[in-house]
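What follows is each chain in one-letter form.
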Amino acid sequence: MIDTLDDLDVEGTTVGVRVDINSPIGDDGTLADDARLRAHVDTLSELLKRGGRVAVLAHQGRPGGDDFVSLESHAERLSKLLERPVDHVDTTFSDAAREAVRNLENGDCLVLENTRFYSEEYMEFDPDRAAETHLVEGLAPALDVYVNDAFAAAHRSQPSLVGFPTVLPGYAGRVMESELDVLGTIEETPEPRIYVLGGAKVPDSIDVAWSVLEKGLADHVLTAGVVGNVFLIADGVDVGDASSDFIYDQGYWDEIDRAADLLDAYGDSIALPRDVAVERDGERHELGVNALPPGDEEAAMDIGSSTLAYYERLLEDAGTVILNGPAGVFEEEAFATGTRQLYGAATDVEMSIVGGGDTASALRSLGVDGFTHVSTGGGAALRMLTAEPLPAVTALQDGPKRQQPADD
Ligand SMILES: Nc1ncnc2c1ncn2[C@@H]1O[C@H](COP(=O)(O)OP(=O)(O)OP(=O)(O)O)[C@@H](O)[C@H]1O
Ligand SMILES: O=C(O)[C@H](O)COP(=O)(O)O
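Predicted model only: the values in this text are computed from it and were never measured.

## Describing the pattern of salt bridges
Considering all chains together, one arrives at 16 salt bridges under this definition. Here Lys215 ties to Glu388 by a salt bridge, and the two come within 2.7 Å at their closest N and O atoms. On the criterion of sequence distance, the pair formed by Lys215 in the loop between helix H9 (202–214) and strand E8 (220–223) and Glu388 in the loop between helix H16 (379–385) and helix H17 (391–398) is long-range, its members being 173 residues apart. Lys215 gets classed as partly exposed once you look at its relative accessible area, which sits at 41%. Residues participating in the shared-partner salt-bridge network are Asp6, Glu46, Arg50, Arg174 and Glu177.

Rendered as structure tokens:
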């Protein structure tokens, strides 16, 4: 059991709230999209309205990346979304950070600096060791409790995610709670259960396919996108040089053998595209798999209409559909058809779950909505959809095992 905000006496309590506001960053080094901030507004507003003193903890980007920046612009944006001042503190666990946290009054909110500015936050530790990091030992003395709302980062075993709940009473925020409610009970969702695996993260999709077929979670796995192309090659179809070179350039050549092993083991449960769409004379042109390969320059950019009809028939009988990754290059209108129609058909299934933050924003831009649940997480959602535990959730469930570090 995990405690939620319903179990927390918030008034006058100093709460460290771990959120996932890892967002696209513009050329000027500031926040370019606030969707992930909006997702946490309910949790933060509730804590503030109930008289909490809130210190927000979050990461942004990865060391070395262009998006590895300060959380200053995130704090500015949060201030607008929460309709109250939100200070940014340019450090995370120093004396100055502790002092800023201790100066909070009821209903005040501040954002501490990007946790990954400290190298230990970019390492994975077991919770006990994570509790001994500078971040946790430095900041925990200034906090009364810890709230984890960062579902999208819950597959990481990093100090801000597993260390704090080892030394402080931990609670799930509203985002975490609703994600766990839906994704944590995947084994109880209505059957037959269909997984639709598209997009370009082929190794992740093959991991998911193995896992859900081995565990008997999936009745069918429908393949699309680059994943579908890899399965076609594994099945002996020549998808042409352009698509094969793309797969090779991504370093996914070994995945073809894994896909072939999967087809050997569970071929009856795996559906492959029956036709694909390529660009010919500047337009969408569909080719049945028997008519492949296409021309040298013609890549398979979407599933075709026979595949769509076939997949839609399978979805008609489904109790639950779980989707991850687009069916084609949805960024180009001519190749958005597969994604729009397949995901559209999925909304008619009794329970429809979309895993993956990028997929979710693609669907918004295509105007497809009406799913039972759209997850805020990519990797975290995928892991839950295979019924695997998430370290940050396990740490919340286990509760504090060590004494709260005291001030020096
Ligand atoms: N047939 C295809 N050929 C080339 N690219 C494709 C094809 N189908 C889909 N894609 C590309 O896949 C990309 C998205 O794949 P990805 O696996 O990253 O999904 P995602 O929704 O971003 O996942 P997540 O939300 O888990 O990060 C898109 O940019 C899309 O253009
Ligand atoms: O964007 C995400 O998927 C999460 O914030 C986790 O980020 P990471 O993959 O850099 O750990």
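From this point on, the discussion continues.
## Brief notes about the sheet that holds E8
The strand order across the open sheet formed by six strands is E9-E8-E7-E13-E14-E15, and the pairing between neighbours is parallel. Among the strands making up the open sheet, the edge pair consists of strand E9 (270–271) and strand E15 (373–374). In the sheet, strand E13 (residues 320–324) pairs with strand E14 (residues 351–354) via four bridges, with the strands oriented parallel. Paired with Ile322 across the two strands is Ile353, which belongs to E14. Sheet contacts for H9: strand E7 (193–197), E8 and E9; angle to E7, the most-contacted strand, approximately 165°.

## Regarding the side chain of Thr223
Structurally, Thr223 is set in strand E8. Polar side-chain contacts of Thr223 include one of 2.9 Å to the backbone oxygen of Ala271.

## A word on the UniProt feature "binding site: ATP" (unreviewed entry) in the protein
Here, UniProt's "binding site: ATP" (unreviewed entry) annotation points to Glu331, Gly356, Gly357, Asp358 and Thr359. Given the relative accessible area of 59%, Glu331 is considered exposed.

## Describing the packing of aromatic side chains
Within this structure, the stated rule accounts for seven aromatic pairs. Ring centres of Tyr310 and Tyr311 lie 5.5 Å apart, and the angle between their planes is 45°; on these two criteria the pair is classed as tilted. For Tyr310, a relative accessible area of 17% translates into the label buried. Sitting above the plane of the Tyr310 ring, Arg274 keeps its charged end 3.6 Å from the centroid.

## Examining the UniProt feature "binding site: (2R)-3-phosphoglycerate" (unreviewed entry) in the protein
Residues annotated in UniProt with the feature "binding site: (2R)-3-phosphoglycerate" (unreviewed entry) correspond here to Arg36, Arg116 and Arg156. Those residues in contact with Arg116, other than ones at most four positions away along the chain, are His59, Gly61, Arg62, Phe68, Glu121, Tyr122 and Gln158. Here Arg156 lies in the loop between strand E5 (145–148) and helix H7 (159–167). What makes Arg156 partly exposed here is its relative accessible area of 26%. In this structure Arg156 touches Arg62, Glu124, Leu161, Val162, Pro391 and Ala392, once residues within four positions along its chain are discounted. Of note is the side chain of Arg156, whose polar atom sits 3.4 Å from the side chain of His155.

About the criteria used
Residues numbered from 1 in each chain as written. Chains lettered and ligands numbered in written order. Predicted model: local features only at pLDDT ≥ 70, side-chain atom pairs only at ≥ 80, totals over all residues. Heavy atoms only, no water. Salt bridge = Lys/Arg side-chain N within 4 Å of Asp/Glu carboxyl O. Helix = DSSP H or I, 4+ residues; strand = E, 2+ residues; numbered from the N terminus. Buried < 20%, exposed > 50% of the residue type's maximum accessible area, 1.4 Å probe, protein only. Pairing = 2+ DSSP bridges. Contact = heavy atoms within 4.5 Å. Axes fitted to C-alpha atoms, helices over the stretch in contact; angles between N-to-C directions. Polar contact = N/O pair within 3.5 Å; in protein donor to acceptor, adjacent residues only side chain to side chain. UniProt positions renumbered as here; feature names shortened; annotations may be inferred. Phe/Tyr/Trp six-rings, centres within 6.5 Å; stacked < 30°, edge-to-face > 60°. Lys NZ or Arg CZ within 6 Å of the ring centre and 35° of its normal.

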